[in-house]
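# Architecture at a glance
Below are the chains, spelled out letter by letter.
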Amino acid sequence: LFAGPVDFLKGVVAMSGMPPADRMEVCFAGRSNVGKSSLINALTGRKTLARASNTPGRTQEINFFTLGEERYLVDLPGYGYAEAPVAIVAKWQALLKQYLSGRATLRRAFVLIDTRHGVKAVDEEIMKLLNRSAVTFQVVMTKADKVNAATREANIAQVQAALVKHPAAYPEIIITSSEKGEGVETLRAIIAGLV
Ligand code: GTP
Ligand code: MG
């Protein structure tokens with residue numbers, strides 16, 4: 001587990017509500033239901049810290065968690081969720097874009113991609129935004145327990161091919177399963193090692 005304690009700090013619905021940018025942070029971005037909140041729970045060993053749910057659109061605010069006194073972990077609302085009311089989706093997306101492009105202390109964005117589905121057009125949009133904003137991002141593939149070996153290899157290759165276009169992409173992809181624990185220690189070590 002992480003060296004320091006992890007606690008929920010606050011949920012933010014507008015840039016004006018952000019905590020002061022006084023320490024490094026990493027965020028978890030990805031399509032709705034990809035497993036962002038579950039991954040934060042797996043990383044912290046706290047099953048109910050971030051609210052996970054089978055209903056897409058579960059996380060509706062930008063949730064800040066303190067990791068010791070030196071870092072924030074940030075759980076983002078998902079993108080690409082078509083069923084929510086248009087006005088609400090537009091509001092989240094605007095906030096998400098402002099956050100991803102304008103947070104000075106954002107050290108790395110983890111872009112989560114479902115191992116079953118690979119990179120979709122909406123993921124490309126987010127990667128382009130991160131690229132334009134010069135935010136280093138790293139792909140984390142989720143729900144690896146749900147695919148067979150052939151699909152896994154094919155979708156890893158598809159992601160690798162997509163990353164070539166993005167200079168802000170960190171080349172190493174991490175394959176995870178929050179359910180089975182695969183890759184969780186690797187990701188934890190990466191976060192702990194960021195300075
Ligand atoms: P939003 O907040 O709605 O954007 O979703 P999210 O990306 O935070 O996803 P969340 O963590 O809520 O997980 C969505 C669903 O996928 C839940 O039912 C989780 O239990 C399930 N899930 C997440 N990670 C895994 C995994 O590694 N393996 C399996 N089998 N299921 C997972
Ligand atoms: Mg969530």
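Note that the structure is predicted; figures quoted are calculated from it, not measured.

With that settled, the discussion passes to the site of ligand 1. Taken together, 24 residues are adjacent to ligand 1, and G35, S38, A52, T59 and G78 come closest. The leading source of residues in the shell around ligand 1 is helix α1 (residues 36-44), at 3 residues. Residues of the shell around ligand 1, tallied by class, amount to 4 nonpolar, 14 polar and 6 charged.

Take the pairing of strand β7 (residues 169-175) next. Inspection of the sheet shows strand β6 (residues 137-142) paired to β7 by 4 bridges, in the parallel sense. Bridging across to β7, Q138 finds its partner in Y170. For the handedness criterion, the β-α-β arrangement of β6, helix α4 (residues 149-163) and β7 is classed as right-handed.

All right, on to the nonpolar core then. Membership of the largest hydrophobic core comes to 41 residues, with the highest contact counts inside it found for F28, A29, A109, V111 and L112. Here this core takes 6 residues from strand β5 (residues 106-114), the largest share from any one element. Beyond its immediate sequence surroundings of up to four residues, A29 is in contact with L76, L100, A109, F110, V111, L112 and I126.

Before going further, it helps to spend a moment on helix α2 (residues 86-102). Across its 17 residues, α2 extends 24 Å between first and last C-alpha, which sits within 8% of the 24 Å expected from 1.5 Å per residue. Every buried residue belonging to α2 is among W92, L95, Y99 and L100, and all of these are buried. Down the axis of α2, the buried side of the element spans an arc of 125°, and every buried residue falls inside it. Residues V86, A87, A90 and A94 are exposed on α2 and point more than 90 degrees away from its buried face.

Time to look at the confidence of the model for the protein. Considering every residue of the protein, the mean pLDDT works out to 94; 99% of them sit at 70 or more. Scoring the predicted complex yields pTM 0.96 and, for the interface, ipTM 0.99.

On to the sheet that holds β5. Sheet strands pair by backbone hydrogen bonding; their relative direction is either parallel or antiparallel. The mixed open sheet is built from 7 strands, whose spatial order is β1-β3-β4-β2-β5-β6-β7. The sheet is open, and its two edges are formed by β1 (6-12) and β7, each paired on a single side. For this sheet, the mean inter-axis angle between neighbouring strands, taken without regard to orientation, is 25°. Alignment of strand β2 (residues 24-30) against strand β4 (residues 71-75), held across 5 bridges, turns out to be parallel.

Procedures and definitions
Residues numbered from 1 in each chain as written. Chains lettered and ligands numbered in written order. Predicted model: local features only at pLDDT ≥ 70, side-chain atom pairs only at ≥ 80, totals over all residues. Near = placed C-beta within 6 Å. Helix = DSSP H or I, 4+ residues; strand = E, 2+ residues; numbered from the N terminus. Nonpolar A, V, L, I, M, F, W, Y, C, P; charged D, E, K, R; others polar. Pairing = 2+ DSSP bridges. Right-handed = clockwise from strand over helix to strand, strands pointing away. Core = buried A, V, L, I, M, F, W, Y, C linked by C-beta atoms within 7 Å. Buried ≥ 20, exposed ≤ 12 C-beta atoms within 10 Å, placed from the backbone. Contact = placed C-beta atoms within 7 Å. Expected span 1.5 Å × (residues − 1). Arc of directions from axis to C-beta. pLDDT = per-residue confidence, 0-100. Axes fitted to C-alpha atoms, helices over the stretch in contact; angles between N-to-C directions.

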